[in-house]
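Structural overview
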Amino acid sequence: MEHRNSTVMTAPATIRDDRARLLDTVAHEFFHCWNVERIRPRSLEPFDFDGANMSAELWLAEGFTQYYGPLVLQRAGLVDLRSTLAVLGQLVEA
C-alpha cells in the first residue's frame, strides 16, 4: 500500500528465502516514491480518498517504474547485468 509519504509492504516470504523477488518489490515501490508521487498524471488529482482514482495515463508512470525498478537493483550492485537484461526482456515480451 503506497501513500504520498510512506509505503507499507508485506510478503509471506523472508528475505533469506526470496531475496530477489522481495528486493524487486522494494525497488519498485522505492521508485514509485519519486516517479508516481512526484511526477504523476494530472488526471489523478484531485485525490478521492473514498474511492479509487482512475487514470488513463497511469500506465505510463507504471511503465517507467517497471523499467527503473530492475535498473535500480542493478546499479546498486544487488543483481548482475545479465539478470537485469533477462527481466527487461521478459517485460518486452509480455
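Calculation notes
Residues numbered from 1 in each chain as written. Predicted model: local features only at pLDDT ≥ 70, side-chain atom pairs only at ≥ 80, totals over all residues. Heavy atoms only, no water. Axes fitted to C-alpha atoms, helices over the stretch in contact; angles between N-to-C directions. Helix = DSSP H or I, 4+ residues; strand = E, 2+ residues; numbered from the N terminus. Parallel < 35°, antiparallel > 145°, perpendicular 65-115°, else oblique. Contact = heavy atoms within 4.5 Å. Salt bridge = Lys/Arg side-chain N within 4 Å of Asp/Glu carboxyl O. Buried < 20%, exposed > 50% of the residue type's maximum accessible area, 1.4 Å probe, protein only. Expected span 1.5 Å × (residues − 1).

**Quick look at the packing of helix 2 (residues 58–75) against helix 3 (residues 81–93)**
- Where helix 2 contacts helix 3, the axes come no closer than 9 Å and their chain directions differ by 170 degrees. In terms of orientation, helix 2 and helix 3 fall into the roughly antiparallel class. Contact residues: helix 2 offers Gln 66, Tyr 67, Pro 70 and Gln 74, while helix 3 offers Leu 81, Thr 84, Val 87, Leu 88 and Leu 91.

**Things to note about the pattern of salt bridges**
- What the rule picks out here adds up to one salt bridge.
- With a shortest N-O distance of 2.6 Å, Arg 21 and Asp 18 are connected by a salt bridge.

**Digging into the side chain of Thr 84**
- Along the chain, Thr 84 turns up in helix 3.
- Residue contacts for Thr 84: discarding those within four places in its chain leaves Pro 70, Gln 74 and Val 79.

**Quick word on the side chain of Thr 65**
- Considering the arrangement of structural elements, one finds Thr 65 in helix 2.
- The exposure class of Thr 65 is buried, given its relative accessible area of 0%.
- Not counting residues within four places of it along the chain, the set of residues in contact with Thr 65 comprises His 28, Phe 31, His 32, Asn 35, Val 36 and Pro 70.

**Here's the deal with helix 2**
- Look at helix 2: 25 Å from first C-alpha to last across 18 residues, which is about the 26 Å you get at 1.5 Å a residue.
- Considered for burial, the residues of helix 2 that qualify are Ala 61, Thr 65, Gly 69, Pro 70, Leu 71 and Leu 73.
- Just downstream of helix 2 lies Gly 77, where phi reads positive at about 80 degrees.

**Considering the environment of Gly 69**
- Tracing the backbone through its elements, the reader meets Gly 69 in helix 2.
- Here the alpha-carbon distance between Gly 69 and Arg 40, two residues 29 residues apart in the chain, equals 17 Å.
- Beyond its immediate stretch of four places on either side in the chain, Gly 69 contacts Ala 27 and His 28.

Function cannot be inferred from these measures alone, as they are strictly geometric.
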